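# Results of the structural survey
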2 protein chains.
Amino acid sequence: MQTAPDHHLHLLARGQPRRPAALSQLNRVVTLGGGHGMGRVLSALSFLGSRLSGIVTTTDNGGSTGRLRQSQSCIAWGDLRNCLNQLVTEPSTGSRLFEYRFSGPGELTGHNLGNLMLLALDQLSVRPLDAIGLIRDMLHIEPQLLPMSEYPTDLCARTPCGNHIIGELSVDQLDTPPTNLFLHPPVPAIAEAIDALQQADLILLGPGSFFTSVLPPLLLPELCDAIGRSHAPLVFIANLVPEPGPAGQLDLAEQCRWLEAQLGKGRVDAVLAPSAASDAKVPCRLINCELGEPTLPHRHDRERLCLVLEQLLLELQGSLPQVG
Amino acid sequence: MQTAPDHHLHLLARGQPRRPAALSQLNRVVTLGGGHGMGRVLSALSFLGSRLSGIVTTTDNGGSTGRLRQSQSCIAWGDLRNCLNQLVTEPSTGSRLFEYRFSGPGELTGHNLGNLMLLALDQLSVRPLDAIGLIRDMLHIEPQLLPMSEYPTDLCARTPCGNHIIGELSVDQLDTPPTNLFLHPPVPAIAEAIDALQQADLILLGPGSFFTSVLPPLLLPELCDAIGRSHAPLVFIANLVPEPGPAGQLDLAEQCRWLEAQLGKGRVDAVLAPSAASDAKVPCRLINCELGEPTLPHRHDRERLCLVLEQLLLELQGSLPQVG
């Protein structure tokens, strides 16, 4: 594990946590991202209960979510459903119901009941946040899940040739990284996400597909503003294995530049990355450590992740030797 | 309103309620029956919260429930769903979800999401009581709803010619009342219903279809035994308008004889019936009063029903003049 050069430490120490910094004593931890990656982080930190908030990307347009979005005007529920499922710590009647897939002969075959419930809530014009609240109650999930916006929008990109493309699927199919990303139509961030960031003691980004999970929430100016105003340390959790698609061509330093283009120079305080991903040009504290699960090396191990975050927080107080 | 002959009053006074008898101070009120009728009573008494228990008939084999039961071995959810819906006092996200029916083009059209949820719970082999618990949580319903049995069974009848017929639908289609009713296969009552009856301060039967909603729970010997052991007054709430089918041919006295054939002579303490239904041969306290809703005269008005029950209970204590 690489130790931090001194000039990076002051960045990490920008925030005086309101309480002693041990992870379990933080008042509010906020993660941003989507899909399996952030679901894993939320699951690792779920012991924080309602003090944990996940701001979830809602621009997915693949799979059944994509088909649904073609016929209905709704936010993309895929990443939210994924996070909800990963926050189920103990299978309950509610979670078995939510995950149930109809089988056997008949018109319902293959339909997932959780999807049907979310579809019905959409058609009922229930506020997405209220819909999530209902499902959280049913699944006994304490952490808050906030869609980045309650309005439908698509991830768009400008290619190096100057073309505009629309939709996560198109972005993932690019041969080379785009020159920039934006949302169309522009939509407002959900107010509760801005509030959560304003109260944050620790902000985590990722892991996950860089262009289609990690970056979309940062394309909302209000969320970037709230992060900019926050004194909480901001940690980017990089992927454990290179991702396919154009984002796989970015090294850690380039990913940090993308983040800083949205958040401002110096706003990313630390990067957690696997040992193989050392990169001298990363413009902040880089912590290289093995965080993969023993049996699923591309997935973050919950305990290891918590341990590293815990050490990182204690480092801020000087109460333990530096991580590394 | 007919006043009670003296020799009936002692029957009503069999139970010394554990607390002052005003309705809202009872520890446990138990209703038995099914469908719209009992749902209405539960709704009227829902202010009792968790002190109210409904033991619900589960032998319905008509409609979508019936089609479902032909392909799956499950209890009939129709009456339970009806009671759940009627106990929703304020529309919530959960209740709108449970009642949602898919529309528009597509394979889901016409399906009710509540039915799909109950179907999924059945296929997951969730205990019916746990399934009800989940839905009650979602709908913020405090009163307990107990299926009379957690095992599938059918209502059967012997006709005056000595034939046996199976299924509620067949019973409803008889030209003349059957000579007796039974369940096939025999199934055990749910233990929680026996418990509820043992703790009851007041037991209510009906209203509803006499043969197919009111009587089925009384075909379970354990429930009749529990009612027999109870000191709680037992009130039969008759229908406000004659029902179609063979039960419509029974007068109040005959209905009471059917009840007493199951429960034992003298166990029914009082009958609430509309003014038109006076019947001198009713073997217990008969209270004739107008209980219909002003706009829907076949439905019990919640407030009037509560008022009459309240007066009936106070009558037991001699603290108010007799109802009538």
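Okay, so let's go over this structure.

Each value, and the rule that gives it
Residues numbered from 1 in each chain as written. Chains lettered and ligands numbered in written order. Predicted model: local features only at pLDDT ≥ 70, side-chain atom pairs only at ≥ 80, totals over all residues. Heavy atoms only, no water. Contact = heavy atoms within 4.5 Å. Buried area = accessible area lost by both parts, 1.4 Å probe. Salt bridge = Lys/Arg side-chain N within 4 Å of Asp/Glu carboxyl O. Helix = DSSP H or I, 4+ residues; strand = E, 2+ residues; numbered from the N terminus. Nonpolar A, V, L, I, M, F, W, Y, C, P; charged D, E, K, R; others polar. Axes fitted to C-alpha atoms, helices over the stretch in contact; angles between N-to-C directions. Parallel < 35°, antiparallel > 145°, perpendicular 65-115°, else oblique. Left-handed = near helix turned anticlockwise from the far one by under 90°. Pairing = 2+ DSSP bridges. Disulfide = S-S within 2.5 Å. Buried < 20%, exposed > 50% of the residue type's maximum accessible area, 1.4 Å probe, protein only. Polar contact = N/O pair within 3.5 Å; in protein donor to acceptor, adjacent residues only side chain to side chain. Least-squares fit on C-alpha atoms with pLDDT ≥ 70 in both. Right-handed = clockwise from strand over helix to strand, strands pointing away. Core = buried A, V, L, I, M, F, W, Y, C linked by side-chain atoms within 4.5 Å.

### Considering the interface of chain A and chain B
Counting residues at the interface gives 21 residues for chain A, matched by 21 residues for chain B. Taken over both partners, the interface formed by chain A and chain B buries close to 2200 Å², and the fraction arising from carbon and sulfur atoms is 74%. Considering only the surface of chain A that becomes buried against chain B, Thr93, Leu97 and Leu124 of chain A emerge as the three largest contributors, covering 24% of it. On inspection of chain A and its partner chain B, the count reaches zero salt bridges. Counting only elements with at least two residues in the side of chain A that touches chain B, the list comes to helix H5 (93-99), helix H6 (113-123) and helix H7 (128-139) of chain A. Here the side of chain A that touches chain B is built from residues that sort into 14 nonpolar, four polar and three charged.

### Digging into the packing of helix H2 (residues 35-44) of chain A against helix H4 (residues 78-86) of chain A
Residues and elements named next belong to chain A. Between H2 and H4, the shortest axis-to-axis distance is 8 Å and the interhelical angle comes to 30 degrees. In this view, H2 runs roughly parallel relative to H4, as classed from their interaxial angle. Note on packing geometry: the crossing formed by H2 with H4 is right-handed. Note on element contacts: H4 touches H2 through Asp79, Asn82, Cys83 and Gln86, opposite Gly35, His36, Met38, Gly39, Arg40, Leu42 and Ser43. Counted by class, the contact of H2 with H4 contains three nonpolar, six polar and two charged residues.

### A closer look at the sheet that holds strand E6 (residues 180-184) of chain B
All names here are of chain B. In spatial order, the strands read E5-E4-E6; together these three strands make up an open sheet with antiparallel pairing. Edge positions in the sheet fall to strand E5 (164-166) and E6, since each has one partner strand and no second. Pairs of neighbouring strands in the sheet enclose a mean axial angle of 30 degrees, with direction left out of account. Note that strand E4 (residues 154-158) and E5 share three bridges and pair antiparallel. Across the sheet, residue arginine 158 finds its bridge partner in E5, namely histidine 164.

### Side note on the state of the cysteines
Inspection of every chain in the model, using the stated rule, returns zero disulfides over all chains. Summary of cysteine pairing: cysteine 284 of chain A is not part of a disulfide, and the nearest cysteine sulfur, belonging to cysteine 256 of chain A, is at 4.6 Å.

### Considerations on the environment of aspartate 301 of chain B
Residue and element names in this part refer to chain B. With respect to the secondary-structure elements, aspartate 301 resides in the loop between strand E10 (285-288) and helix H13 (302-317). A relative accessible area of 14% places aspartate 301 in the buried class. Separated by 260 residues in sequence, aspartate 301 and valine 41 have C-alpha atoms that sit 9.1 Å apart. Once residues within four sequence positions are removed from consideration, aspartate 301 is found in contact with Leu291, Gly292, Glu293 and Pro294. Engagement of the side chain of aspartate 301 in a polar contact is seen with the backbone nitrogen of glutamate 303, the distance being 3.2 Å.

### Thoughts on unusual backbone geometry
Between glycine 206 of chain A and the following residue, proline 207 of chain A, the backbone shows a cis peptide bond with an omega angle of 0 degrees. Note that proline 207 of chain A resides in the loop between strand E7 (202-205) and helix H10 (210-214). Cis rather than trans, the peptide bond between histidine 184 of chain B and proline 185 of chain B has omega equal to -5 degrees. As for its placement among the helices and strands, proline 185 of chain B is situated in the loop between E6 and helix H9 (191-198). In this structure, serine 125 of chain A takes a positive phi of about 55 degrees despite not being glycine.

### A few points about the relation of the copies chain A and chain B
The two copies are related by a screw operation: chain A maps onto chain B through 180 degrees of rotation and 0.1 Å of translation along the axis, at an RMSD of 0.0 Å. Here the transformation between the copies is reduced to the relation of a two-fold axis. When the interface residues of chain A are mapped onto chain B, 100% of them again fall at the interface, so both copies present the same face.

### Looking at the pairing of strand E9 (residues 270-273) of chain A
All names here are of chain A. Burial of E9 is two-sided: the residues Ala270 and Leu272 facing one way and the residues Val271 and Ala273 facing the other way are all buried. Of the strand pairs in this sheet, strand E8 (residues 234-237) and E9 are connected by three bridges, and their pairing is parallel. Residue pairing in the sheet places isoleucine 237 in a bridge with leucine 272 of E9. In this view, the connection linking E8 to its parallel neighbour E9 by way of helix H12 (residues 252-263) has right-handed handedness. Two strands pair when backbone bridges link them, and E9 and strand E10 (residues 285-288) are joined in this way by four bridges, in the parallel orientation. Residue pairing in the sheet places valine 271 in a bridge with leucine 286 of E10.

### Considering the nonpolar core
If you look at the biggest cluster of nonpolar residues, it comprises 112 residues, and the most contacted ones within it are Leu45 and Leu113 of chain A together with Leu45 and Leu113 of chain B. The contacts of leucine 113 of chain A, once residues within four sequence positions are left out, are Leu97, Phe98, Tyr100 and Phe102 of chain A together with Leu113, Leu116, Met117 and Ala120 of chain B.

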